[in-house]
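Here is how the chains run, residue by residue.
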Amino acid sequence: MSRRTLCLSSAGDRSTPPQVGAQIVSALPGSSQVVVAGGGHAGVIECAQEYADLLRTHWDRFEGIENEEVQ
């Protein structure tokens, strides 16, 4: 499986640390990881605007490309 997957991690997440995201990314060709400096396990809430901006940028990058394999 190869998809344009974005793995977002929070640097301070002790439950699911960024190393877990790195393992996921290494198993999914075409994926990438961004580690957000602030926040912990609830990073999507604690750093909501940064997460939203990162997701928007990722989605905009692939706008119009649906369900295509990464070459």
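Rules behind the numbers
- Residues numbered from 1 in each chain as written.
- Predicted model: local features only at pLDDT ≥ 70, side-chain atom pairs only at ≥ 80, totals over all residues.
- Heavy atoms only, no water.
- Helix = DSSP H or I, 4+ residues; strand = E, 2+ residues; numbered from the N terminus.
- Buried < 20%, exposed > 50% of the residue type's maximum accessible area, 1.4 Å probe, protein only.
- Contact = heavy atoms within 4.5 Å.
- Salt bridge = Lys/Arg side-chain N within 4 Å of Asp/Glu carboxyl O.
- Pairing = 2+ DSSP bridges.
- Right-handed = clockwise from strand over helix to strand, strands pointing away.
- Polar contact = N/O pair within 3.5 Å; in protein donor to acceptor, adjacent residues only side chain to side chain.
- Arc of directions from axis to C-beta.

Considerations on the overall build of the protein
The helix and strand tally for the protein stands at three helices and two strands. Counted from the first residue to the last, the protein has its helices and strands arranged as β-α-β-α-α. Considering the protein as a whole, with its 71 residues, one finds that 25% of them fall into the buried category. Within the protein, residue pairs in contact and separated by at least 24 positions form 70% of the contacts whose partners lie at least 6 positions apart.

Re the pattern of salt bridges
Counted according to the given criterion, the structure contains one salt bridge. Put simply, aspartate 53 and arginine 56 hold a salt bridge, and the shortest N to O gap is 3.1 Å. Linking aspartate 53 with arginine 56, this pair stays in helix H3 (residues 48–61), spanning three residues, or about one helical turn. Judged by relative accessible area, aspartate 53 falls into the partly exposed class, the value being 35%.

Here's the deal with the pairing of strand E2 (residues 32–36)
Here strand E1 (residues 6–10) pairs with E2 via five bridges, running parallel. Paired with cysteine 7 across the two strands is glutamine 33, which belongs to E2. Taken together, E1, helix H1 (residues 18–27) and E2 constitute a β-α-β crossover, and its handedness is right-handed.

Thoughts on the side chain of serine 31
Relative to the helices and strands, serine 31 resides in the loop between H1 and E2. Residue classification places serine 31 among the buried positions, given a relative accessible area of 15%. A polar atom in the side chain of serine 31 sits 2.6 Å from the backbone oxygen of leucine 28.

What about H1?
Because an α-helix completes one turn every 3.6 residues, residues spaced three or four positions apart along the sequence face the same direction. Within the sequence span of H1, burial applies to Pro18, Gly21 and Val25. The arc that holds every buried residue of H1, seen down its axis, measures 55°, which confines them to one face. Turned more than 90 degrees away from the buried face of H1 sit Gln19, Gln23, Ser26 and Ala27, all of them exposed. On its buried face, H1 is in contact with E1 and E2.

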